[in-house]
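Working through the structure, step by step
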Amino acid sequence: MASAVEGDVWTAAGLSWELRPGLEELSLNKLATSLGASEQALRLIISIFLGYPLALFYRHYLFYKDSYLIHLFHAFTGLSIAYFNFGCQFYHSLLCIVLQFLILRLMGRTVTAVLTTFCLQMAYLLAGYYYTATGNYDIKWTMPHCVLTLKLIGLAVDYFDGGKEESSLTAEQQKYAFRGVPSLLEVAGFSYFYGAFLVGPQFSMNHYMKLVQGKLTDTPGKMPNSTIPALKRLSLGLIYLVGHTLLSPHITEDYLLSEDYENRSFWFRCMYMLIWGKFVLYKYVTCWLVTEGVCILTGLGFNGFGEDGKAKWDACANMKVWLFETTPQFNGTIASFNINTNAWVARYFFKRLKFLGNKQLSHGLSLLFLALWHGLHSGYLVCFQMEFLIIIVEKQVAALIQNSPALSSLANITALQPLFYVVQQTIHWLFMGYSMTAFCLFTWDKWFKVYKSVYFLGHVFFLSLLFTLPYIRKALVPRKEKLKKTE
(Lines give C-alpha, C1' and ligand atoms only; values in the text may rest on other atoms or scores of the structure.)
Protein backbone atom coordinates (compact mmCIF):
# COMPACT_ATOMS: atom_id res chain seq x y z
CA MET A 1 0.00 0.00 0.00
CA ALA A 2 1.31 3.44 -0.91
CA SER A 3 2.10 5.94 1.84
CA ALA A 4 1.20 9.63 1.99
CA VAL A 5 4.86 10.35 2.65
CA GLU A 6 6.83 7.26 1.65
CA GLY A 7 9.39 6.14 4.22
CA ASP A 8 8.03 8.25 7.11
CA VAL A 9 8.64 6.80 10.55
CA TRP A 10 6.33 7.02 13.52
CA THR A 11 6.31 10.54 14.88
CA ALA A 12 3.91 11.39 17.69
CA ALA A 13 4.19 14.01 20.43
CA GLY A 14 7.74 14.75 19.35
CA LEU A 15 8.86 11.13 19.68
CA SER A 16 10.92 9.63 16.86
CA TRP A 17 12.12 6.07 16.71
CA GLU A 18 15.12 7.11 14.65
CA LEU A 19 16.65 9.60 17.07
CA ARG A 20 19.19 7.02 18.13
CA PRO A 21 21.10 4.90 15.59
CA GLY A 22 21.06 2.02 18.07
CA LEU A 23 17.26 1.91 17.95
CA GLU A 24 17.02 2.12 14.18
CA GLU A 25 15.73 -1.44 14.02
CA LEU A 26 12.66 -0.31 15.98
CA SER A 27 11.34 1.91 13.20
CA LEU A 28 7.72 1.37 12.29
CA ASN A 29 8.65 0.50 8.75
CA LYS A 30 10.87 -2.38 9.85
CA LEU A 31 8.40 -3.51 12.49
CA ALA A 32 5.61 -3.58 9.92
CA THR A 33 7.78 -5.54 7.48
CA SER A 34 8.60 -8.10 10.15
CA LEU A 35 4.87 -8.54 10.78
CA GLY A 36 4.11 -8.90 7.09
CA ALA A 37 2.07 -5.69 6.99
CA SER A 38 2.49 -2.22 5.54
CA GLU A 39 3.63 0.68 7.66
CA GLN A 40 0.34 2.49 6.98
CA ALA A 41 -1.67 -0.52 8.21
CA LEU A 42 0.42 -0.66 11.38
CA ARG A 43 -0.11 3.06 11.99
CA LEU A 44 -3.85 2.52 11.59
CA ILE A 45 -3.91 -0.37 14.08
CA ILE A 46 -1.82 1.60 16.61
CA SER A 47 -4.17 4.58 16.25
CA ILE A 48 -7.27 2.43 16.79
CA PHE A 49 -5.85 0.82 19.93
CA LEU A 50 -4.68 4.23 21.15
CA GLY A 51 -8.33 4.98 21.76
CA TYR A 52 -8.28 2.89 24.95
CA PRO A 53 -5.73 4.94 26.92
CA LEU A 54 -7.40 8.11 25.62
CA ALA A 55 -10.78 6.82 26.80
CA LEU A 56 -9.33 6.00 30.22
CA PHE A 57 -7.86 9.51 30.45
CA TYR A 58 -11.28 10.96 29.59
CA ARG A 59 -13.04 8.80 32.18
CA HIS A 60 -10.69 9.69 35.04
CA TYR A 61 -9.84 13.32 34.31
CA LEU A 62 -12.50 14.87 32.06
CA PHE A 63 -15.79 13.15 32.95
CA TYR A 64 -18.24 15.86 34.09
CA LYS A 65 -15.67 18.58 33.42
CA ASP A 66 -16.49 21.74 31.44
CA SER A 67 -17.77 20.84 27.99
CA TYR A 68 -15.26 23.04 26.18
CA LEU A 69 -12.40 21.01 27.70
CA ILE A 70 -13.93 17.77 26.40
CA HIS A 71 -14.48 19.21 22.92
CA LEU A 72 -10.91 20.51 22.93
CA PHE A 73 -9.58 17.11 24.03
CA HIS A 74 -11.48 15.32 21.26
CA ALA A 75 -10.43 17.83 18.60
CA PHE A 76 -6.76 17.80 19.65
CA THR A 77 -6.45 14.01 19.93
CA GLY A 78 -8.29 13.45 16.66
CA LEU A 79 -6.07 15.95 14.84
CA SER A 80 -2.98 14.29 16.33
CA ILE A 81 -4.15 10.88 15.11
CA ALA A 82 -4.80 12.36 11.67
CA TYR A 83 -1.29 13.86 11.58
CA PHE A 84 0.29 10.61 12.80
CA ASN A 85 -1.37 8.67 9.99
CA PHE A 86 -1.42 11.15 7.10
CA GLY A 87 1.04 13.92 7.91
CA CYS A 88 0.16 17.40 6.70
CA GLN A 89 -2.72 16.00 4.68
CA PHE A 90 -4.83 16.29 7.84
CA TYR A 91 -5.73 19.73 6.47
CA HIS A 92 -8.34 18.11 4.21
CA SER A 93 -10.52 17.13 7.15
CA LEU A 94 -9.89 20.42 8.95
CA LEU A 95 -10.86 22.44 5.89
CA CYS A 96 -14.13 20.53 5.39
CA ILE A 97 -15.05 20.90 9.07
CA VAL A 98 -14.49 24.68 8.97
CA LEU A 99 -16.47 24.98 5.73
CA GLN A 100 -19.29 22.94 7.25
CA PHE A 101 -19.41 25.21 10.29
CA LEU A 102 -19.64 28.24 8.01
CA ILE A 103 -22.45 26.64 5.99
CA LEU A 104 -24.47 26.01 9.14
CA ARG A 105 -23.95 29.53 10.44
CA LEU A 106 -24.39 31.45 7.18
CA MET A 107 -27.16 29.43 5.53
CA GLY A 108 -28.99 28.37 8.66
CA ARG A 109 -31.64 25.66 8.85
CA THR A 110 -32.48 25.66 5.14
CA VAL A 111 -32.77 23.19 2.29
CA THR A 112 -30.04 25.22 0.59
CA ALA A 113 -27.67 24.42 3.46
CA VAL A 114 -28.44 20.70 3.21
CA LEU A 115 -27.98 20.59 -0.57
CA THR A 116 -24.81 22.70 -0.39
CA THR A 117 -23.41 20.40 2.28
CA PHE A 118 -24.22 17.28 0.32
CA CYS A 119 -22.74 18.61 -2.93
CA LEU A 120 -19.66 20.16 -1.33
CA GLN A 121 -18.72 17.28 0.95
CA MET A 122 -19.35 14.59 -1.66
CA ALA A 123 -17.54 16.58 -4.36
CA TYR A 124 -14.52 17.03 -2.07
CA LEU A 125 -14.47 13.31 -1.25
CA LEU A 126 -14.84 12.23 -4.89
CA ALA A 127 -12.13 14.69 -5.95
CA GLY A 128 -9.90 13.14 -3.29
CA TYR A 129 -10.61 9.69 -4.69
CA TYR A 130 -9.88 10.89 -8.23
CA TYR A 131 -6.51 12.45 -7.42
CA THR A 132 -5.24 9.75 -5.05
CA ALA A 133 -6.69 6.55 -6.54
CA THR A 134 -4.40 3.66 -7.47
CA GLY A 135 -5.16 0.08 -8.44
CA ASN A 136 -4.59 -1.10 -4.86
CA TYR A 137 -6.19 -0.54 -1.44
CA ASP A 138 -4.26 2.40 -0.01
CA ILE A 139 -4.59 3.73 3.51
CA LYS A 140 -4.62 7.46 2.86
CA TRP A 141 -6.48 10.56 4.00
CA THR A 142 -9.60 9.65 2.01
CA MET A 143 -10.19 6.63 4.29
CA PRO A 144 -11.29 8.63 7.37
CA HIS A 145 -12.62 11.38 5.14
CA CYS A 146 -15.40 9.16 3.83
CA VAL A 147 -16.49 8.62 7.46
CA LEU A 148 -16.32 12.38 8.04
CA THR A 149 -18.35 13.10 4.91
CA LEU A 150 -21.33 11.13 6.18
CA LYS A 151 -20.98 12.67 9.62
CA LEU A 152 -21.09 16.25 8.27
CA ILE A 153 -23.97 15.55 5.89
CA GLY A 154 -25.91 13.97 8.75
CA LEU A 155 -25.20 17.02 10.91
CA ALA A 156 -26.59 19.35 8.23
CA VAL A 157 -29.78 17.30 7.90
CA ASP A 158 -30.27 17.09 11.68
CA TYR A 159 -29.66 20.84 11.99
CA PHE A 160 -32.27 21.45 9.28
CA ASP A 161 -34.78 19.17 11.05
CA GLY A 162 -34.07 21.07 14.27
CA GLY A 163 -35.78 24.13 12.82
CA LYS A 164 -39.05 22.33 12.10
CA GLU A 165 -42.09 21.78 14.29
CA GLU A 166 -41.93 18.43 16.04
CA SER A 167 -45.35 17.50 14.67
CA SER A 168 -43.96 17.62 11.12
CA LEU A 169 -41.16 15.17 11.92
CA THR A 170 -41.23 11.40 12.24
CA ALA A 171 -40.35 9.84 15.60
CA GLU A 172 -36.89 8.99 14.25
CA GLN A 173 -36.32 12.52 12.95
CA GLN A 174 -37.37 13.97 16.30
CA LYS A 175 -34.75 11.80 18.00
CA TYR A 176 -31.91 13.10 15.84
CA ALA A 177 -33.04 16.69 15.14
CA PHE A 178 -30.45 19.10 16.58
CA ARG A 179 -32.09 22.16 18.17
CA GLY A 180 -28.95 23.97 19.28
CA VAL A 181 -26.48 26.09 17.32
CA PRO A 182 -23.08 24.35 17.36
CA SER A 183 -19.84 26.24 17.83
CA LEU A 184 -16.77 25.51 15.73
CA LEU A 185 -15.19 23.70 18.71
CA GLU A 186 -18.29 21.52 19.10
CA VAL A 187 -18.29 20.60 15.41
CA ALA A 188 -14.55 19.83 15.60
CA GLY A 189 -14.93 17.66 18.72
CA PHE A 190 -17.85 15.81 17.14
CA SER A 191 -15.89 15.24 13.93
CA TYR A 192 -12.53 14.29 15.42
CA PHE A 193 -13.71 12.08 18.29
CA TYR A 194 -10.81 9.62 18.56
CA GLY A 195 -13.03 6.56 18.94
CA ALA A 196 -14.61 6.99 15.53
CA PHE A 197 -12.54 9.36 13.39
CA LEU A 198 -10.63 6.74 11.39
CA VAL A 199 -13.11 3.94 10.65
CA GLY A 200 -16.39 4.96 12.27
CA PRO A 201 -18.92 4.25 13.67
CA GLN A 202 -21.43 6.94 12.73
CA PHE A 203 -23.32 8.75 15.47
CA SER A 204 -25.39 11.92 15.64
CA MET A 205 -24.52 15.30 17.11
CA ASN A 206 -27.28 14.81 19.68
CA HIS A 207 -25.70 11.57 20.87
CA TYR A 208 -22.27 13.18 21.01
CA MET A 209 -23.57 16.13 23.05
CA LYS A 210 -25.09 13.69 25.54
CA LEU A 211 -21.62 12.18 25.95
CA VAL A 212 -20.09 15.58 26.62
CA GLN A 213 -22.86 16.44 29.09
CA GLY A 214 -22.25 13.19 30.99
CA LYS A 215 -25.69 11.75 30.22
CA LEU A 216 -24.47 8.53 28.61
CA THR A 217 -24.03 6.50 31.74
CA ASP A 218 -25.96 3.74 33.48
CA THR A 219 -25.32 5.37 36.87
CA PRO A 220 -26.27 9.09 36.75
CA GLY A 221 -23.61 11.30 38.29
CA LYS A 222 -20.92 8.63 38.01
CA MET A 223 -18.72 7.13 35.31
CA PRO A 224 -20.46 4.42 33.25
CA ASN A 225 -19.93 0.80 34.29
CA SER A 226 -18.78 -0.01 30.80
CA THR A 227 -15.29 -1.43 31.34
CA ILE A 228 -16.33 -5.10 31.13
CA PRO A 229 -18.56 -4.63 28.02
CA ALA A 230 -15.70 -2.68 26.37
CA LEU A 231 -13.16 -5.41 27.15
CA LYS A 232 -15.51 -8.05 25.72
CA ARG A 233 -15.65 -6.25 22.36
CA LEU A 234 -11.88 -5.65 22.48
CA SER A 235 -11.25 -9.36 23.16
CA LEU A 236 -13.50 -10.35 20.28
CA GLY A 237 -11.67 -7.89 18.04
CA LEU A 238 -8.32 -9.37 19.09
CA ILE A 239 -9.53 -12.87 18.18
CA TYR A 240 -10.41 -11.67 14.68
CA LEU A 241 -7.09 -9.78 14.47
CA VAL A 242 -5.11 -12.91 15.33
CA GLY A 243 -7.13 -14.97 12.86
CA HIS A 244 -6.59 -12.42 10.10
CA THR A 245 -2.87 -12.14 10.87
CA LEU A 246 -2.39 -15.93 10.74
CA LEU A 247 -4.41 -16.48 7.58
CA SER A 248 -3.54 -13.36 5.56
CA PRO A 249 -0.29 -14.78 4.12
CA HIS A 250 -2.19 -17.83 2.80
CA ILE A 251 -5.49 -16.35 1.58
CA THR A 252 -4.99 -13.29 -0.61
CA GLU A 253 -6.75 -11.53 -3.44
CA ASP A 254 -3.45 -11.56 -5.33
CA TYR A 255 -3.85 -15.31 -5.73
CA LEU A 256 -7.16 -14.71 -7.52
CA LEU A 257 -5.15 -12.99 -10.26
CA SER A 258 -2.39 -15.60 -10.42
CA GLU A 259 -1.84 -18.13 -13.20
CA ASP A 260 -1.99 -20.93 -10.67
CA TYR A 261 -5.56 -19.95 -9.70
CA GLU A 262 -6.55 -19.70 -13.36
CA ASN A 263 -5.13 -23.16 -14.09
CA ARG A 264 -6.97 -24.83 -11.22
CA SER A 265 -10.26 -26.66 -11.67
CA PHE A 266 -13.50 -24.71 -11.79
CA TRP A 267 -14.65 -26.12 -8.43
CA PHE A 268 -11.37 -25.24 -6.76
CA ARG A 269 -11.68 -21.66 -8.03
CA CYS A 270 -15.20 -21.44 -6.63
CA MET A 271 -14.24 -22.84 -3.22
CA TYR A 272 -11.23 -20.55 -2.93
CA MET A 273 -13.47 -17.57 -3.74
CA LEU A 274 -15.93 -18.76 -1.07
CA ILE A 275 -13.26 -19.03 1.65
CA TRP A 276 -11.54 -15.80 0.63
CA GLY A 277 -14.87 -13.95 0.57
CA LYS A 278 -15.49 -14.87 4.20
CA PHE A 279 -11.96 -14.17 5.34
CA VAL A 280 -11.49 -10.82 3.58
CA LEU A 281 -14.18 -9.24 5.75
CA TYR A 282 -12.32 -10.04 8.96
CA LYS A 283 -10.09 -6.97 8.73
CA TYR A 284 -13.18 -4.76 8.78
CA VAL A 285 -14.70 -6.78 11.63
CA THR A 286 -11.49 -6.35 13.64
CA CYS A 287 -11.40 -2.57 13.28
CA TRP A 288 -15.08 -2.11 14.08
CA LEU A 289 -15.02 -4.33 17.18
CA VAL A 290 -11.94 -2.59 18.59
CA THR A 291 -13.34 0.90 17.98
CA GLU A 292 -16.71 -0.13 19.40
CA GLY A 293 -14.90 -1.06 22.61
CA VAL A 294 -13.42 2.45 22.76
CA CYS A 295 -16.88 3.98 22.29
CA ILE A 296 -18.34 1.75 25.02
CA LEU A 297 -15.52 2.66 27.42
CA THR A 298 -16.20 6.38 27.02
CA GLY A 299 -19.96 5.88 27.39
CA LEU A 300 -20.81 6.70 23.79
CA GLY A 301 -22.02 3.13 23.34
CA PHE A 302 -24.70 3.49 26.03
CA ASN A 303 -28.14 2.78 24.55
CA GLY A 304 -30.48 2.89 27.53
CA PHE A 305 -31.80 -0.12 29.38
CA GLY A 306 -33.36 -3.32 28.10
CA GLU A 307 -36.58 -4.92 29.29
CA ASP A 308 -34.57 -6.87 31.84
CA GLY A 309 -33.33 -3.61 33.36
CA LYS A 310 -29.73 -4.16 32.25
CA ALA A 311 -27.76 -1.43 30.49
CA LYS A 312 -27.34 -1.79 26.73
CA TRP A 313 -24.01 -0.78 25.19
CA ASP A 314 -24.77 -1.28 21.49
CA ALA A 315 -25.40 2.32 20.38
CA CYS A 316 -22.14 2.27 18.40
CA ALA A 317 -22.20 -1.39 17.36
CA ASN A 318 -21.08 -1.86 13.76
CA MET A 319 -21.18 -5.67 13.95
CA LYS A 320 -23.58 -8.35 15.13
CA VAL A 321 -20.96 -11.06 15.29
CA TRP A 322 -23.18 -14.07 15.98
CA LEU A 323 -25.58 -13.15 13.18
CA PHE A 324 -22.65 -12.49 10.85
CA GLU A 325 -21.13 -15.91 11.51
CA THR A 326 -24.32 -17.97 11.44
CA THR A 327 -26.82 -16.39 9.04
CA PRO A 328 -27.31 -18.31 5.78
CA GLN A 329 -28.93 -15.30 4.10
CA PHE A 330 -27.42 -12.35 2.26
CA ASN A 331 -29.88 -10.03 3.96
CA GLY A 332 -28.68 -11.33 7.33
CA THR A 333 -25.06 -10.51 6.50
CA ILE A 334 -26.04 -7.00 5.41
CA ALA A 335 -27.99 -6.57 8.67
CA SER A 336 -24.97 -7.70 10.71
CA PHE A 337 -22.18 -5.85 8.89
CA ASN A 338 -21.31 -2.12 9.01
CA ILE A 339 -24.57 -1.52 10.86
CA ASN A 340 -24.18 2.19 11.60
CA THR A 341 -23.30 3.10 8.02
CA ASN A 342 -26.30 1.15 6.74
CA ALA A 343 -28.50 2.87 9.33
CA TRP A 344 -27.11 6.25 8.23
CA VAL A 345 -27.95 5.56 4.58
CA ALA A 346 -31.44 4.39 5.54
CA ARG A 347 -32.07 7.45 7.72
CA TYR A 348 -30.58 10.23 5.63
CA PHE A 349 -30.88 8.90 2.09
CA PHE A 350 -33.31 6.00 1.56
CA LYS A 351 -36.16 7.40 3.68
CA ARG A 352 -35.65 10.90 2.27
CA LEU A 353 -36.41 9.47 -1.18
CA LYS A 354 -39.92 8.53 -0.10
CA PHE A 355 -41.30 11.15 -2.51
CA LEU A 356 -40.26 8.88 -5.41
CA GLY A 357 -43.00 6.45 -4.41
CA ASN A 358 -40.92 3.40 -5.34
CA LYS A 359 -39.00 1.41 -2.73
CA GLN A 360 -36.89 -0.50 -5.25
CA LEU A 361 -35.84 2.73 -6.97
CA SER A 362 -34.97 4.28 -3.61
CA HIS A 363 -33.02 1.12 -2.70
CA GLY A 364 -31.15 1.17 -6.01
CA LEU A 365 -30.25 4.86 -5.66
CA SER A 366 -29.09 4.26 -2.09
CA LEU A 367 -26.76 1.51 -3.24
CA LEU A 368 -25.49 3.74 -6.05
CA PHE A 369 -24.72 6.42 -3.45
CA LEU A 370 -22.89 3.84 -1.32
CA ALA A 371 -20.84 2.71 -4.31
CA LEU A 372 -19.76 6.29 -5.10
CA TRP A 373 -19.11 6.96 -1.43
CA HIS A 374 -16.66 4.06 -1.38
CA GLY A 375 -14.76 5.30 -4.44
CA LEU A 376 -14.68 5.79 -8.19
CA HIS A 377 -13.48 2.31 -9.15
CA SER A 378 -15.83 0.24 -11.29
CA GLY A 379 -15.52 -2.64 -8.81
CA TYR A 380 -17.63 -0.78 -6.25
CA LEU A 381 -20.46 -0.30 -8.74
CA VAL A 382 -20.36 -3.98 -9.72
CA CYS A 383 -20.35 -5.10 -6.08
CA PHE A 384 -23.38 -3.03 -5.09
CA GLN A 385 -25.15 -3.91 -8.32
CA MET A 386 -24.73 -7.56 -7.33
CA GLU A 387 -26.05 -6.81 -3.85
CA PHE A 388 -29.15 -5.18 -5.36
CA LEU A 389 -29.73 -8.17 -7.64
CA ILE A 390 -29.12 -10.75 -4.90
CA ILE A 391 -31.46 -9.09 -2.38
CA ILE A 392 -34.29 -8.91 -4.96
CA VAL A 393 -33.88 -12.58 -5.85
CA GLU A 394 -33.55 -13.67 -2.22
CA LYS A 395 -36.82 -11.93 -1.30
CA GLN A 396 -38.57 -13.58 -4.23
CA VAL A 397 -37.26 -17.02 -3.27
CA ALA A 398 -38.34 -16.53 0.37
CA ALA A 399 -41.85 -15.48 -0.77
CA LEU A 400 -42.03 -18.46 -3.13
CA ILE A 401 -41.15 -20.95 -0.37
CA GLN A 402 -43.62 -19.33 2.01
CA ASN A 403 -46.50 -19.28 -0.48
CA SER A 404 -45.95 -22.68 -2.07
CA PRO A 405 -47.50 -25.52 -0.02
CA ALA A 406 -45.10 -28.08 -1.53
CA LEU A 407 -41.93 -26.06 -0.90
CA SER A 408 -43.13 -24.93 2.51
CA SER A 409 -43.74 -28.51 3.60
CA LEU A 410 -40.35 -29.58 2.28
CA ALA A 411 -38.59 -26.73 4.08
CA ASN A 412 -40.22 -27.73 7.38
CA ILE A 413 -38.92 -31.31 7.36
CA THR A 414 -36.68 -31.34 10.44
CA ALA A 415 -34.31 -34.05 9.18
CA LEU A 416 -33.51 -32.07 6.03
CA GLN A 417 -32.93 -28.69 7.69
CA PRO A 418 -29.18 -29.24 8.38
CA LEU A 419 -28.72 -30.10 4.69
CA PHE A 420 -30.68 -27.01 3.63
CA TYR A 421 -28.55 -24.89 5.97
CA VAL A 422 -25.28 -26.18 4.48
CA VAL A 423 -26.54 -25.59 0.93
CA GLN A 424 -27.73 -22.09 1.82
CA GLN A 425 -24.44 -21.20 3.51
CA THR A 426 -22.45 -22.50 0.53
CA ILE A 427 -24.50 -20.40 -1.91
CA HIS A 428 -24.42 -17.46 0.48
CA TRP A 429 -20.66 -17.25 0.94
CA LEU A 430 -19.78 -18.30 -2.60
CA PHE A 431 -21.66 -15.36 -4.05
CA MET A 432 -20.64 -13.06 -1.21
CA GLY A 433 -17.07 -13.82 -2.25
CA TYR A 434 -18.07 -13.30 -5.87
CA SER A 435 -19.42 -9.83 -5.05
CA MET A 436 -16.43 -8.95 -2.85
CA THR A 437 -14.05 -9.85 -5.68
CA ALA A 438 -15.07 -6.74 -7.60
CA PHE A 439 -15.10 -4.66 -4.39
CA CYS A 440 -11.52 -5.62 -3.44
CA LEU A 441 -9.92 -5.76 -6.90
CA PHE A 442 -11.25 -2.30 -7.87
CA THR A 443 -10.39 -2.03 -11.56
CA TRP A 444 -12.34 -3.69 -14.37
CA ASP A 445 -9.35 -5.52 -15.87
CA LYS A 446 -8.75 -7.33 -12.56
CA TRP A 447 -12.29 -8.26 -11.52
CA PHE A 448 -13.23 -9.07 -15.12
CA LYS A 449 -10.36 -11.55 -15.31
CA VAL A 450 -11.49 -13.35 -12.15
CA TYR A 451 -15.17 -13.31 -13.14
CA LYS A 452 -14.21 -14.71 -16.53
CA SER A 453 -12.33 -17.56 -14.85
CA VAL A 454 -15.56 -18.65 -13.10
CA TYR A 455 -17.68 -17.94 -16.20
CA PHE A 456 -19.52 -15.00 -14.55
CA LEU A 457 -21.25 -17.54 -12.34
CA GLY A 458 -22.84 -15.01 -10.01
CA HIS A 459 -24.42 -12.94 -12.75
CA VAL A 460 -25.61 -16.03 -14.64
CA PHE A 461 -27.08 -17.67 -11.52
CA PHE A 462 -29.01 -14.68 -10.17
CA LEU A 463 -30.13 -13.25 -13.50
CA SER A 464 -31.43 -16.70 -14.45
CA LEU A 465 -33.38 -16.89 -11.19
CA LEU A 466 -34.69 -13.34 -11.65
CA PHE A 467 -36.25 -14.21 -15.01
CA THR A 468 -37.39 -17.77 -14.20
CA LEU A 469 -38.83 -17.30 -10.70
CA PRO A 470 -42.12 -15.76 -11.95
CA TYR A 471 -42.76 -18.90 -14.03
CA ILE A 472 -41.75 -21.19 -11.16
CA ARG A 473 -44.08 -19.27 -8.89
CA LYS A 474 -46.94 -19.64 -11.34
CA ALA A 475 -46.40 -23.40 -11.38
CA LEU A 476 -45.95 -23.95 -7.64
CA VAL A 477 -48.18 -21.37 -6.00
CA PRO A 478 -51.91 -22.09 -6.35
CA ARG A 479 -54.26 -19.27 -7.24
CA LYS A 480 -56.22 -17.82 -4.34
CA GLU A 481 -59.48 -18.96 -5.92
CA LYS A 482 -58.32 -22.58 -5.92
CA LEU A 483 -57.17 -22.28 -2.33
CA LYS A 484 -60.58 -20.97 -1.26
CA LYS A 485 -62.32 -23.91 -2.98
CA THR A 486 -60.12 -26.45 -1.28
CA GLU A 487 -60.81 -24.82 2.09
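Residues numbered from 1 in each chain as written. Predicted model: local features only at pLDDT ≥ 70, side-chain atom pairs only at ≥ 80, totals over all residues. Heavy atoms only, no water.

In the nomenclature of an unreviewed UniProt entry, the protein corresponds to Lysophospholipid acyltransferase 5 from the organism Chinchilla lanigera. You can read under Subcellular location (unreviewed entry) in the UniProt record for the protein the words "Endoplasmic reticulum membrane". Note on the protein: under the UniProt heading Sequence similarities (unreviewed entry), the record states "Belongs to the membrane-bound acyltransferase family." (UniProt positions renumbered as here; feature names shortened; annotations may be inferred.)

1. Remarks on the overall build of the protein
Scanning the protein for helices and strands turns up 25 helices and two strands. Radius of gyration (C-alpha) of the protein: 24 Å, near the 23 Å computed for a compact globule of 487 residues. Overall size of the protein, expressed as C-alpha extent along the three principal axes, is 75 × 60 × 45 Å. Across the 487 residues of the protein, 47% fall into the buried class. Put simply, of all contacts in the protein between residues at least 6 apart along the chain, 71% involve residues at least 24 apart. Carbon together with sulfur atoms contributes 65% to the accessible area of the protein, which is approximately 24,200 Å² in total. Charged side chains of the protein number 40 positive and 30 negative; the gap between the two group centres comes to 9 Å. (Helix = DSSP H or I, 4+ residues; strand = E, 2+ residues; numbered from the N terminus. Rg over C-alpha atoms; globule rule 2.2 N^0.38 Å. Buried < 20%, exposed > 50% of the residue type's maximum accessible area, 1.4 Å probe, protein only. Contact = heavy atoms within 4.5 Å. Areas by Shrake-Rupley, 256 points an atom, 1.4 Å probe, with all protein chains shown as cover. Lys, Arg positive; Asp, Glu negative; His and termini not counted. Charge placed at Lys NZ, Arg CZ, Asp CG, Glu CD.)

2. Some thoughts on the nonpolar core
Within the largest apolar cluster, 129 residues are counted, with the highest numbers of intra-cluster contacts made by Tyr194, Leu198 and Phe324. Setting aside anything within four residues of it in sequence, one finds Leu198 in contact with Leu44, Ser47, Ile48, Ile81, Asn85, Phe86, Met143, Pro144 and Val147. (Core = buried A, V, L, I, M, F, W, Y, C linked by side-chain atoms within 4.5 Å.)

3. Regarding the environment of Phe203
In this fold, Phe203 is placed in the loop between α9 (184-192) and α10 (205-212). Considering only alpha carbons, one finds Phe203 and Leu155, 48 residues apart in sequence, at a separation of 9.6 Å. Apart from residues no more than four positions distant in its own chain, Phe203 is found in contact with Lys151, Phe190, Phe193, Ala196, Tyr208 and Leu300.

4. Observations concerning the environment of Thr117
Along the chain, Thr117 turns up in helix α6 (residues 111-132). Sequence separation between Thr117 and Leu99 is 18 residues, and the spatial gap between their C-alpha atoms is 9.0 Å. For Thr117, the contacting residues outside a window of four places in its chain are Gln100, Ile103, Met122, Leu152, Ile153 and Ala156.

5. Brief notes about the side chain of Asn206
Within the secondary structure, Asn206 sits in helix α10. Those residues in contact with Asn206, other than ones at most four positions away along the chain, are Lys175, Tyr176, Ala177 and Phe178.

6. Brief notes about the side chain of His207
For His207, the location among the structural elements is in helix α10. Beyond its immediate stretch of four places on either side in the chain, His207 contacts Leu216, Leu300, Phe302 and Ala315.

7. A short note on the UniProt feature "transmembrane region" (unreviewed entry) in the protein
Look at the UniProt record and you will see "transmembrane region" (unreviewed entry) annotated at residues 41-61, 81-104, 111-131, 176-200, 367-393, 429-448 and 454-472. Across residues 41-61, the secondary structure splits into 95% helix and 0% strand, with the terminal C-alpha atoms separated by 31 Å. End-to-end, the C-alpha atoms of residues 81-104 are 26 Å apart, and along that stretch the chain is 83% helix and 0% strand.

8. A look at the packing of aromatic side chains
Per the counting criterion, the structure on display carries 48 aromatic pairs. Plain terms: the ring middles of Tyr434 and Tyr451 are 4.0 Å apart, the flat faces sit at 5 degrees to each other, and that makes the pair stacked. One end of the pair, Tyr434, is in helix α22 (residues 417-441); the other, Tyr451, is in helix α23 (residues 444-453), and 17 residues separate them in sequence. Exposure class is identical for Tyr434 and Tyr451. Each is buried. (Phe/Tyr/Trp six-rings, centres within 6.5 Å; stacked < 30°, edge-to-face > 60°.)

9. Things to note about α9
Taking burial as the measure, the nine residues of α9 include seven buried ones, the bulk of the element. Of the positions making up α9, those classed as buried are Glu186, Val187, Ala188, Gly189, Phe190, Ser191 and Tyr192.

10. Overview of unusual backbone geometry
A cis amide bond links Gly200 to the next residue, Pro201, at an omega of 15 degrees. Along the chain, the position of Pro201 falls in the loop between α9 and α10. Even without being glycine, Tyr455 reaches a positive phi, approximately 60 degrees. The topology assignment puts Tyr455 in the loop between α23 and α24 (457-476). Judged by relative accessible area, Tyr455 falls into the exposed class, the value being 58%. One non-glycine residue with positive phi stands out, namely Phe456, at about 50 degrees. Tracing the chain through its elements places Phe456 in the loop between α23 and α24.

11. What about the pattern of salt bridges?
In this structure the tally under the stated criterion is seven salt bridges. Linking Lys164 and Asp161 is a salt bridge whose minimum nitrogen-to-oxygen distance equals 3.9 Å. The network of salt bridges with common partners includes Asp161, Lys164 and Arg352. (Salt bridge = Lys/Arg side-chain N within 4 Å of Asp/Glu carboxyl O.)

12. Considering a nonpolar patch on the surface
Taken together, Tyr130, Tyr131, Phe355, Leu356, Leu361, Leu365, Leu368, Leu372, Leu376 and Leu381 make up a surface patch of nonpolar side chains, about 1,000 Å² in accessible area. Among the elements of the structure, α6 and α19 (359-374) are those that each provide at least two residues to the nonpolar patch. Looking at where Tyr131 falls in the secondary structure, it is placed in helix α6. (Patch = residues over 30% accessible without salt bridge, like charges linked within 9 Å, V, L, I, M, F, W, Y side chains within 5 Å.)

13. Notes on the state of the cysteines
Per the stated rule, a full pass over the model turns up zero disulfides. Cys88 takes part in no disulfide bond, and the closest cysteine sulfur, belonging to Cys96, lies 17 Å away. Relative accessible area serves as the criterion here: at 57%, Cys88 is assigned to the exposed category. Looking at the unpaired Cys270, the closest cysteine sulfur is the one in Cys440, lying at 17 Å. (Disulfide = S-S within 2.5 Å.)

14. Observations concerning a positive patch on the surface
On the surface, a cluster of positive charge is contributed by Lys175, Lys210, Lys215 and Lys312. Residue classification places Lys175 among the exposed positions, given a relative accessible area of 55%.

15. Topic: the packing of helix α18 (residues 339-350) against α19
For the pair α18 and α19, interaxial distance at closest approach is 10 Å and the crossing angle is 125 degrees. What the angle tells us is that α18 and α19 run oblique. As for the relative orientation of α18 and α19, their crossing is right-handed in sense. Contacts between α18 and α19 pair Thr341, Asn342, Trp344, Val345, Phe349 and Phe350 from the former with Lys359, Ser362, His363, Leu365, Ser366, Phe369, Leu370 and Trp373 from the latter. In terms of residue class, the contact of α18 with α19 is built from eight nonpolar, five polar and one charged. (Axes fitted to C-alpha atoms, helices over the stretch in contact; angles between N-to-C directions. Parallel < 35°, antiparallel > 145°, perpendicular 65-115°, else oblique. Left-handed = near helix turned anticlockwise from the far one by under 90°. Nonpolar A, V, L, I, M, F, W, Y, C, P; charged D, E, K, R; others polar.)

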